[in-house]
Amino acid sequence: MLELRLPPNGMGAKLSYFTTSLTFIGGLSAGFGLLYAFIGIRRTIDRQLNLVFGLFALAYAGWTIAARAGYLASDVDGLVAAGRATAVFASLGYLLLVWFVAVYADVRPRLPAYAVGGSFAVIGLASLALPDELLVPTAFEVSTTTLPWGETVQTLDTPGATLLPVVFATQLAFLIYVVWATVLLSRRGRQRSAVPVSYT
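From a predicted model like this one, the values you see are computed outputs, not experimental measurements. (Residues numbered from 1 in each chain as written. Predicted model: local features only at pLDDT ≥ 70, side-chain atom pairs only at ≥ 80, totals over all residues. Heavy atoms only, no water.)

Chemist: Even after reading the chapter, I still don't get the overall build of the chain, so can you show me in this structure?
Modeler: When helices and strands are counted, the chain shows 7 helices and 3 strands. Put simply, the chain runs from its N terminus to its C terminus through helices and strands in the order β-α-α-α-α-α-β-β-α-α. Split into buried and exposed, the 200 residues of the chain put 36% on the buried side. Within the chain, contacts between residues separated by at least 24 positions form 67% of all contacts whose residues are at least 6 apart in sequence. Accessible surface for the chain amounts to roughly 11400 Å². Of this, 66% is attributable to carbon and sulfur atoms. (Helix = DSSP H or I, 4+ residues; strand = E, 2+ residues; numbered from the N terminus. Buried < 20%, exposed > 50% of the residue type's maximum accessible area, 1.4 Å probe, protein only. Contact = heavy atoms within 4.5 Å. Areas by Shrake-Rupley, 256 points an atom, 1.4 Å probe, with all protein chains shown as cover.)

The following block contains the structure:
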């Protein structure tokens, strides 16, 4: 069972700390994304690396804002729409992150990067085109939950969507690719460069 949390209508200011944090993170990511994209456009040194990182940061900002919209949704339809947007931005972010690792670590051959990135692209397109029940879980039961710090949220208990195993398998392939890139960097004597790659 997949659990999604949706705040009830009329919730007080307690949730504002959480949603404000998401807005701040999204804005900060968007700022860094625009900055690095501009650097990539203006400078020839590490142009591809800067552009990919800038676009990844913008995708992460979109994911954060879409997730915030999901928490503030007032009905199931709004939550499903936010889930679609979240899936699109997450898929785009993963695709760009794969390419960032490939460029940063100079991983050769590039075929695994194409395969993993292409899988995320397919997932992103599927989240736009396929019916809700195939990618975004639909509501099964609604209950009210009070969190330890007093914040009250609505909990939607939902069955897993049909395509979720494909998403998890692609994320596992991404993890394996990152481990492979980290090992390659370490074997080349670039242990310091391997550290940020391992954090992805």
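Chemist: Help me out: how do you make sense of the packing of helix 3 (residues 76-105) against helix 6 (residues 164-187) in this one?
Modeler: For any two helices packed against each other, the geometry comes down to the angle between their axes and how far apart the axes lie. Where helix 3 contacts helix 6, the two axes come as close as 10 Å, and the packing angle between them is 15°. Here helix 3 lies roughly parallel to helix 6, going by the angle between them. Crossing hand, helix 3 versus helix 6: left-handed. Mapping the contact onto sequence places Tyr94, Leu97, Val98, Val101, Ala102 and Ala105 in helix 3 and Gln171, Phe174, Tyr177, Val178, Ala181 and Leu185 in helix 6. (Axes fitted to C-alpha atoms, helices over the stretch in contact; angles between N-to-C directions. Parallel < 35°, antiparallel > 145°, perpendicular 65-115°, else oblique. Left-handed = near helix turned anticlockwise from the far one by under 90°.)

Chemist: Hey, could you run me through the packing of aromatic side chains in this one?
Modeler: When we look at a pair of aromatic rings, we describe it by the centre distance and by the angle of the planes. Under the defined criterion, the tally for this structure stands at 11 aromatic pairs. Among the aromatic residues, ring-to-ring pairing joins Tyr36, Phe53, Phe56, Tyr60, Trp63, Phe100 and Tyr104 into one connected group. Between arginine 110 and the ring centre of tryptophan 99, over which it is positioned, the NZ or CZ distance is 5.3 Å. (Phe/Tyr/Trp six-rings, centres within 6.5 Å; stacked < 30°, edge-to-face > 60°. Lys NZ or Arg CZ within 6 Å of the ring centre and 35° of its normal.)

Chemist: Just to check I follow, could you spell out the pattern of salt bridges for this structure?
Modeler: Once their charged atoms are close, side chains differing in charge can pair, the charge on each being opposite to the other. This model, assessed by the stated rule, comprises 2 salt bridges. Linking aspartate 106 and arginine 108 is a salt bridge whose minimum nitrogen-to-oxygen distance equals 3.2 Å. Residue class for arginine 108 comes out exposed when judged on its relative accessible area of 52%. The salt bridge involving arginine 110 is made with aspartate 106; its shortest N-O contact spans 3.6 Å. For arginine 110, a relative accessible area of 13% corresponds to the buried category. Shared partners join several salt bridges into a network, and the residues in it are Asp106, Arg108 and Arg110. (Salt bridge = Lys/Arg side-chain N within 4 Å of Asp/Glu carboxyl O.)

Chemist: Looking at this structure, how should I read the nonpolar core?
Modeler: Generally speaking, soluble globular proteins have nonpolar side chains that are buried together. Counting 21 residues, the largest nonpolar core has Val98, Phe174 and Tyr177 as the members making the most contacts within it. When residues of this core are traced back to their parent elements, those giving at least two are helix 2 (47-71), helix 3, helix 4 (111-129) and helix 6. It is helix 6 that contributes the most residues to this core, 7 residues altogether. (Core = buried A, V, L, I, M, F, W, Y, C linked by side-chain atoms within 4.5 Å.)

Chemist: Before we go on, may I ask you to explain helix 4 in this structure?
Modeler: For helix 4, with 19 residues, the first-to-last C-alpha span of 27 Å sits near the 27 Å given by 1.5 Å per residue. Within helix 4, burial applies to Ala113, Val116, Gly117, Phe120, Ile123, Gly124, Ala126 and Ser127. (Expected span 1.5 Å × (residues − 1).)

Chemist: Sorry if this is basic, but what is going on with the packing of helix 2 against helix 3 here?
Modeler: Running from amino to carboxyl end, helix 2 crosses helix 3 at an angle of 160°, the nearest separation of the two axes being 8 Å. Judged on the interaxial angle alone, helix 3 and helix 2 are roughly antiparallel. In the packing of helix 2 onto helix 3, the handedness of the crossing is left-handed. Its residues assigned to classes, the contact of helix 2 with helix 3 comprises 22 nonpolar, 5 polar and no charged. (Nonpolar A, V, L, I, M, F, W, Y, C, P; charged D, E, K, R; others polar.)

Chemist: Honestly, unusual backbone geometry in this entry has me stumped. Any pointers?
Modeler: Excluding glycine, residues mostly carry a negative phi; peptide bonds, for their part, are mostly trans. The residue after arginine 108, namely proline 109, is reached through a cis peptide bond having omega 0°. As for its placement among the helices and strands, proline 109 is situated in the loop between helix 3 and helix 4. For aspartate 46, which is not glycine, the phi dihedral falls at a positive 55°. Structurally, aspartate 46 can be placed in the loop between helix 1 (16-42) and helix 2. Phi at aspartate 106 takes a positive value of approximately 50°, unusual for a residue other than glycine. The residue aspartate 106 is located in the loop between helix 3 and helix 4 in this model.

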